[in-house]
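Read off the chains here:
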Amino acid sequence: MGFDFPKGRLRQRRHFLLGAGAALASLGLSTGLSSCGWTLANVRPPVTGSDPNQLFIYTWSGYIDEELLAAFERETGIRAIVDVFDANETMLAKLQAGAGGAYSVIYPSDYMVQKMVELDLLLELDKSLILGLEQLFPRFQDPVYDRGNRFSVPAAWGTTGLIYNSQALKQPVEDWQYLWDNQQALSKKITLINDVREVMGATLRKLGFSYNSTDPQQINQAYQHLVRLKPSIAAFTSDAWAPQMLAGDLLVSMCYSSDANQVIAENPALRYVVPNSGSSAYVDTIVIPKSAPNPQGAYAWINFLLQPQIATQVVKNLKFATPNQVAFEQLAPDIKQDQTLFPTPATLEKLEGITPVADEISAIFDDYWTRLTSA
Amino acid sequence: MPKKARKTKSKEPKLSKPPKLKERGQGNFFEALILLLPSGLWLFLLLVLPTLVIFQLSLVPDIKPGMVVDPSGIENYLRAFEGTFLWVILRSIFFALGTTFSCLILGFPIAYWIGYMLPRGWRNLCLLAFILPLWTSSLLRSYAWISILRPTGLLNSVLVYFDLPPIQILNSPIAVLIGMTYSYLPFMVLILYTAIEKLDSRVLEAAADLGAKPSVIFEKITIPQTSPGILAGCLLVFIGSLGDFVDPELLGGASSMTMARLIYNQFLGTTQNWGFGSALSMLLIIAVSIAIALLLKYGDRSATEA
């Protein structure tokens with residue numbers, strides 16, 4: 001739901017809901033040769049050739065604006081068309097449900113990159129075609145989720161935290177625990193991210209465990225706490241909170257820092273906080289799927305974004321943190337010191353990256369999540 | 001056809017006719033086959049086959065994309081009847097029944113007014129005006145309800161203006177019921193209208209002449225005469241609202257998970273389990289099929305065809 005989201009070429013999320021039926025109708029069904037059954041929803045490359053002057057991008061809402069697309073078209077002559085998702089799993093599900101061959105550029109987060117590599121969906125990047133990777137901060141040169149950036153190029157990073165209305169709430173929000181302590185007063189004025197690992201992880205951190213806990217007992221404990229909070233939660237959403245927060249319908253929302261910045265720019269009374277007990281940090285990356293119809297265009301897009309002057313422009317306009325060190329140095333001091341964008345080292349200490357967990361643990365998370373959202 | 005054949009035979013008792021008739025009969029069989037083939041193929045490829053695929057998937061526990069489909073049992077169906085998920089099913093049925101009931105209560109007076117009390121010339125115009133909202137996207141109509149029901153929305157602004165306490169309706173089951181009732185009311189009115197329009201006013205007048213009170217006339221004559229229409233309308237609204245996705249998703253928030261939403265989540269949500277989703281889909285298909293069978297057997301066919 002684009003509160004600040006350019007119209008026109010950008011398709012919005014709710015269209016995806018409508019398109020979902022269509023996507024399901026075109027399941028990528030294919031016959032497995034090796035065994036008795038057939039393999040469900042294999043992602044296959046497109047059968048038909050594609051237009052080199054068109055580039056289909058699948059990204060988070062708020063990562064691209066019209067200005068950026070226009071600049072890209074001026075520079076390369078390629079017309080980019082953008083579609084958005086609000087959760088990594090939704091993106092993967094749509095790829096697997098038949099849209100596999102539609103996109104040439106996708107923006108998965110760290111742990112999803114790892115998962116997509118395991119699923120053999122990603123193209124190994126040809127580094128000779130990419131210019132400017134050495135400009136990245138050292139910690140983004142060799143990330144744990146994708147050693148040596150073999151399959152992905154970091155595009156943005158940020159934290160998960162809480163955004164709240166400082167005018168409506170008497171005391172500042174400092175920790176996840178605030179939601180539970182003020183459950184009655186905040187009834188139906190809270191939203192949580194529509195992401196199983198983020199919500200469970202935050203609750204695990206609140207309880208003093210790791211965001212990536214794989215202990216079924218700890219996970220169960222987190223689930224029990226969430227069940228208690230459930231009646232006060234208005235919705236599980238990653239982006240629809242923004243217009244409601246601005247309208248005053250919500251008081252506290254769990255969100256990503258990049259989204260928080262865009263909203264705070266519109267209403268300075270809103271504050272973003274990384275909870276004291278700790279939270280997660282994410283890196284959103286650019287990848288090229290194996291089924292990409294226009295890989296050349298995808299490389300052009302990556303190179304375009306790695307240029308420092310484009311990267312600084314993006315930070316200013318779209319308000320997310322860049323992993324590009326050269327671009328960071330060129331930023332105005334007030335942006336560099338913005339703690340929502342670039343948290344202090346002390347805050348960084350408290351952050352964990354979400355790591356993939358084994359299938360059986362993942363099944364536990366999924367089961368609790370389905371129960372939580374169904375209750 | 002045979003009747004007709006005999007008639008023509010008796011009229012013109014010539015020997016040259018019967019073979020021609022026989023030929024025509026055969027031609028009809030092939031004609032029928034050819035005429036039905038496209039729609040039959042269509043139905044087979046896009047309805048029967050996919051349903052069979054769904055059924056097959058529903059027999060595989062915990063299947064996700066990329067896994068081999070190997071049907072092994074009915075765990076998915078058993079899971080659907082476990083605590084939380086049983087509540088989801090019951091909630092869906094409750095929403096569908098609630099919507100049907102409120103549509104009937106709201107729709108009958110409207111249909112009665114349009115179909116019986118309004119002068120004939122005005123009826124079509126009024127009916128059209130009532131059905132006009134159906135021409136807009138259902139998504140748009142749900143969004144409109146969001147802006148009315150949200151905490152700082154239209155409804156609460158009005159309440160606050162009159163010094164009444166604001167109410168929290170959005171993201172609750174009540175909001176879902178309001179939205180669904182609004183979505184399905186035109187269907188109910190349309191069907192009830194065709195039933196009420198056929199009411200024999202002479203019978204009603206005769207009853208009044210013979211001293212029946214209006215309430216008695218309504219109970220003894222109006223309702224029995226329109227009951228096929230009432231049943232058809234109720235079943236149609238029930239079928240539609242049982243599988244409604246947009247209203248619960250947009251107006252229900254974290255509350256009011258329904259079968260349709262749960263199915264969506266199993267396929268395209270953050271946690272995927274296509275097998276469980278397929279089992280839920282099958283249950284929904286079965287429930288709707290039963291409702292349609294009832295509709296065909298007891299409903300007013302002329303009303304649904306109108």
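Here is what the cut-offs are and how they apply
- Residues numbered from 1 in each chain as written.
- Chains lettered and ligands numbered in written order.
- Predicted model: local features only at pLDDT ≥ 70, side-chain atom pairs only at ≥ 80, totals over all residues.
- Heavy atoms only, no water.
- Axes fitted to C-alpha atoms, helices over the stretch in contact; angles between N-to-C directions.
- Helix = DSSP H or I, 4+ residues; strand = E, 2+ residues; numbered from the N terminus.
- Parallel < 35°, antiparallel > 145°, perpendicular 65-115°, else oblique.
- Left-handed = near helix turned anticlockwise from the far one by under 90°.
- Core = buried A, V, L, I, M, F, W, Y, C linked by side-chain atoms within 4.5 Å.
- Buried < 20%, exposed > 50% of the residue type's maximum accessible area, 1.4 Å probe, protein only.
- Domains from an automatic or database assignment.
- Contact = heavy atoms within 4.5 Å.
- Buried area = accessible area lost by both parts, 1.4 Å probe.
- Polar contact = N/O pair within 3.5 Å; in protein donor to acceptor, adjacent residues only side chain to side chain.
- Nonpolar A, V, L, I, M, F, W, Y, C, P; charged D, E, K, R; others polar.
- Patch = residues over 30% accessible without salt bridge, like charges linked within 9 Å, V, L, I, M, F, W, Y side chains within 5 Å.
- Areas by Shrake-Rupley, 256 points an atom, 1.4 Å probe, with all protein chains shown as cover.
- Salt bridge = Lys/Arg side-chain N within 4 Å of Asp/Glu carboxyl O.
- Pairing = 2+ DSSP bridges.

## Considerations on the packing of helix 4 (residues 83–117) of chain B against helix 8 (residues 173–197) of chain B
Residue and element names in this part refer to chain B.
Then step 1. Following both chains from N to C, one finds helix 4 and helix 8 inclined at 40°, their axes separated by 6 Å at the closest point. Judged by the angle between their axes, helix 4 and helix 8 are oblique. When the axes of helix 4 and helix 8 are compared, the crossing they make is right-handed.

## A few points about the nonpolar core
Then step 1. Formed by 102 residues in total, the largest nonpolar core has its most connected members in Tyr107, Leu192, Val252 and Trp301 of chain A.
Then step 2. A per-element tally of this core places helix 10 (residues 295–306) of chain A first, with 7 residues.
Then step 3. Counting the residues that make up this core, at least three belong to each of domain 1 (13–157 + 282–346) and domain 2 (160–279 + 348–374) of chain A.
Then step 4. Core analysis: the next-biggest nonpolar cluster, separate from the first, contains 51 residues, Ile89, Ala232, Ala260 and Ile263 of chain B among them.

## Quick notes on unusual backbone geometry
Residues and elements named next belong to chain A.
Then step 1. The phi dihedral of Lys188 is positive, around 60°, even though this residue is not glycine.
Then step 2. Positionally, Lys188 belongs in the loop between helix 5 (177–181) and strand 5 (190–192).
Then step 3. For Lys188, a relative accessible area of 14% gives the class buried.
Then step 4. Even without being a glycine, Lys319 presents a positive backbone phi close to 60°.
Then step 5. Structurally, the position occupied by Lys319 is in the loop between helix 11 (308–318) and helix 12 (325–329).

## Comments concerning the interface of chain A and chain B
Then step 1. At the interface, 44 residues of chain A touch 41 residues of chain B.
Then step 2. Looking only at chain A, the three residues that lose the most surface to chain B are Trp38, Leu40 and Ser374 of chain A, adding up to 18% of its buried area.
Then step 3. If you look at where chain A meets chain B, you find 9 residue pairs in polar contact (both at pLDDT 80 or more).
Then step 4. Of the residues contributing to the side of chain A that touches chain B, the split by class is 22 nonpolar, 11 polar and 11 charged.

## With respect to the packing of helix 6 (residues 196–206) of chain A against helix 7 (residues 216–229) of chain A
Residue and element names in this part refer to chain A.
Then step 1. In the contact formed by helix 6 and helix 7, the axes pass within 9 Å of each other and the chain directions differ by 100°. What the angle tells us is that helix 6 and helix 7 run roughly perpendicular. Residue-level inspection shows Val199, Met200, Thr203, Leu204 and Lys206 of helix 6 in contact with helix 7, the latter providing Gln218, Ile219, Ala222, Tyr223, His225 and Leu226.

## Let's talk about a nonpolar patch on the surface
Then step 1. Residues Leu37, Leu41, Trp42, Leu43, Phe44, Leu45, Leu46, Leu47, Val48, Leu49 and Leu52 of chain B make up a contiguous nonpolar surface patch of roughly 1100 Å² in combined accessible area.
Then step 2. Relative to the elements of secondary structure, Phe44 of chain B occurs in helix 2 (residues 17–58).

## Some thoughts on the pairing of strand 7 (residues 252–256) of chain A
Residues and elements named next belong to chain A.
Then step 1. With respect to burial, strand 7 is a largely interior element, 5 of its 5 residues being buried.
Then step 2. Of the two faces of strand 7, the one holding Val252, Met254 and Tyr256 and the one holding Ser253 and Cys255 are both buried throughout.
Then step 3. Here strand 4 (residues 152–165) runs beside strand 7; their pairing, made up of 5 bridges, is antiparallel. Note on strand 7: the bridge partner recorded for Ile163 is Ser253.
Then step 4. Across 2 bridges, the pairing between strand 5 and strand 7 is parallel. Following the sheet pairing, Ile190 is matched in strand 7 by Val252.

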